[in-house]
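Examination of the molecular architecture
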Amino acid sequence: MHRGACSLVRVSATPVAALAVALLSSLSRCSLLEPETSVVSALSPYFGTKTRYEDVNPGLLPDPEAPRRDPELLEEACTPVQLVALIRHGTRYPTTKQIRKLRQLHGLLQARGAEDDRTRAAGRGDLGAALADWPLWYADWMDGQLVEKGRQDMRQLALRLASLFPALFSRENYGRLQLVTSSKHRCVDSGAAFLQGLWQHYHPGLPPPDVADMECGPPRINDKLMRFFDHCEKFLTQVERNATALYHVEAFKTGPEMQNILKKVADILQVPVNNLNADLIQVAFFTCSFDLAIKGVKSPWCDVFDIDDAKVLEYLNDLKQYWKRGYGYTINSRSSCTLFQDIFQHLDKAVKQKQCSQPVSSPVILQFGHAETLLPLLSLMGYFKDKEPLTAYNYKEQMHRKFRSGHIVPYASNLIFVLYHCKNAKTPKEEFRVQLLLNEKVLPLAHSQETVSLYEDLKNHYKDILQSCHTSEECELPKVNTSDEL
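Let me begin by describing the structure that accompanies this report. Everything numeric in this text was worked out from a predicted model, so none of it was measured. (Residues numbered from 1 in each chain as written. Predicted model: local features only at pLDDT ≥ 70, side-chain atom pairs only at ≥ 80, totals over all residues. Heavy atoms only, no water.)

Quick notes on the state of the cysteines
A complete count under the given rule lists four disulfides for this structure. Disulfide partner of C288: C302, at an S-S distance of 2.1 Å. Looking along the S-S bond of the C288-C302 disulfide, the torsion reads about 100°, which is the right-handed sense. Of this pair, C288 sits in helix α12 (residues 278-295) while C302 sits in the loop between α12 and α13 (307-324), and the two are 14 residues apart along the sequence. The pair C288 / C302 is uniform in exposure class, with both members buried. Through a disulfide, C337 is tied to C469; the S-S separation comes to 2.0 Å. (Disulfide = S-S within 2.5 Å. Helix = DSSP H or I, 4+ residues; strand = E, 2+ residues; numbered from the N terminus. Buried < 20%, exposed > 50% of the residue type's maximum accessible area, 1.4 Å probe, protein only.)

Structure below.
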């Protein structure tokens, strides 16, 4: 359970100082890497967890700071009294692992030597040569850090939510905001950027102070909540570190769909097919998405793939997310119940305070995490479940699947619980209602497809999860009897 309101939640001076240094360092490195203009690629809908938020919400493109009010949102007699938002970090750099794979692929292209005369004679442009000359500007220090576009994602989300729920994000409530984050820099920096967006909302035209000096204070780090998967030994042993756990991912890499792409890309790039593998192909595809998201440019990497390739590569990404994030192996979704409990504890507290005619102590709770935080929770709640599991062998049958990670958890994705107090309710039970929003759109309830629920009904629907959440037991590895028989 979180303690107090945001104005009372402070991290130690050392993490604050470290955060300030990290932010200054990151900003100095990023000053020349800001996105230029919004460029759209035909491949954009298929980038999986590397998808830009605006590609899921194209209505934001004309004015990304203007709120888009879903007509299903409650109004009139029902007043929002609390908002709990689980937010994925904004656009980030590739990880060091991805950068090194891209460097390996770039090296293959540069080692090709002179272009084959037959390619010129056939009149084909040498895309491989163009890619060998394309600047490889990614460096190891970037390692998944938030980029300027990611800060912009957060600032704009803050402005939209503050306009959509003005009473909750009022100036008077600013000191009562409660922010929690994963320890990863991209999440900590996302929380800081969100606060800067709120400052811009309250004080247009004035530069924001350092986050540590804001009335609300910096986000509090809580990895047991926001990175629960790192604290579940059963998940780490049976899935994360288990070479056979992602069988379907590895089988799909060597299956006919991926092998066709491998041969095609080898031909386009004029490199031996034996020098390529599915991992290199996937990082090349993601490089198209990173260049689009970070710099707003369409690189030659985007020209290597067509829509059919993109659909296959999206499925490969979705397979990995499906089996690791609580849909295939359910241990990860079950271990997210602590986070689910935490959300309902906030809602319960707000209900009790309103029933006692007291002000809600924390009207806005903001939690910054990862795709790996959101997906298991959505699985636990019963969302995006397909009738048949995603496997290496049913790609064609899953063309119209519900589970498309990029449409669920793009950069800056958000799952929001809004608690309402409704006047003129006929019974005390009808006083409090809840709506869920996913990426700022009302999310129908998984069990009823209704757009709103009485709070007690929603809590009752999930009572088994809320009452039987024992992650320490759930995540404990089975004990092995090592005693010798006498």
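Next comes the rest of the account.
Quick word on the side chain of S44
With respect to the element layout, S44 can be found in the loop between α1 (13-30) and α2 (53-56). Residues contacting S44, with those up to four places away along its chain left out, are T51, R52, D55 and L292. (Contact = heavy atoms within 4.5 Å.)

Overview of the packing of helix α11 (residues 256-269) against α13
For any two helices packed against each other, the geometry comes down to the angle between their axes and how far apart the axes lie. The geometry of α11 relative to α13 is characterised by a closest axis approach of 10 Å and an angle of 125° between their N-to-C directions. Looking at the two axes, α11 sits oblique to α13. Handedness of the α11/α13 crossing: left-handed. Contact with α11, carried on its side by E257, M258, I261 and K264, involves D309, V312, L313 and L316 of α13 and no other residues of that element. In terms of residue class, the contact of α11 with α13 is made up of five nonpolar, no polar and three charged. (Axes fitted to C-alpha atoms, helices over the stretch in contact; angles between N-to-C directions. Parallel < 35°, antiparallel > 145°, perpendicular 65-115°, else oblique. Left-handed = near helix turned anticlockwise from the far one by under 90°. Nonpolar A, V, L, I, M, F, W, Y, C, P; charged D, E, K, R; others polar.)

With respect to the nonpolar core
F305 and F417 are the most contacted members of the largest nonpolar core, which totals 105 residues. Per element, the largest residue contribution to this core is 10 residues, and it comes from α12. Contacts of F305, omitting those with residues within four sequence positions, involve L43, I261, V265, I281, A284, F285 and L313. (Core = buried A, V, L, I, M, F, W, Y, C linked by side-chain atoms within 4.5 Å.)

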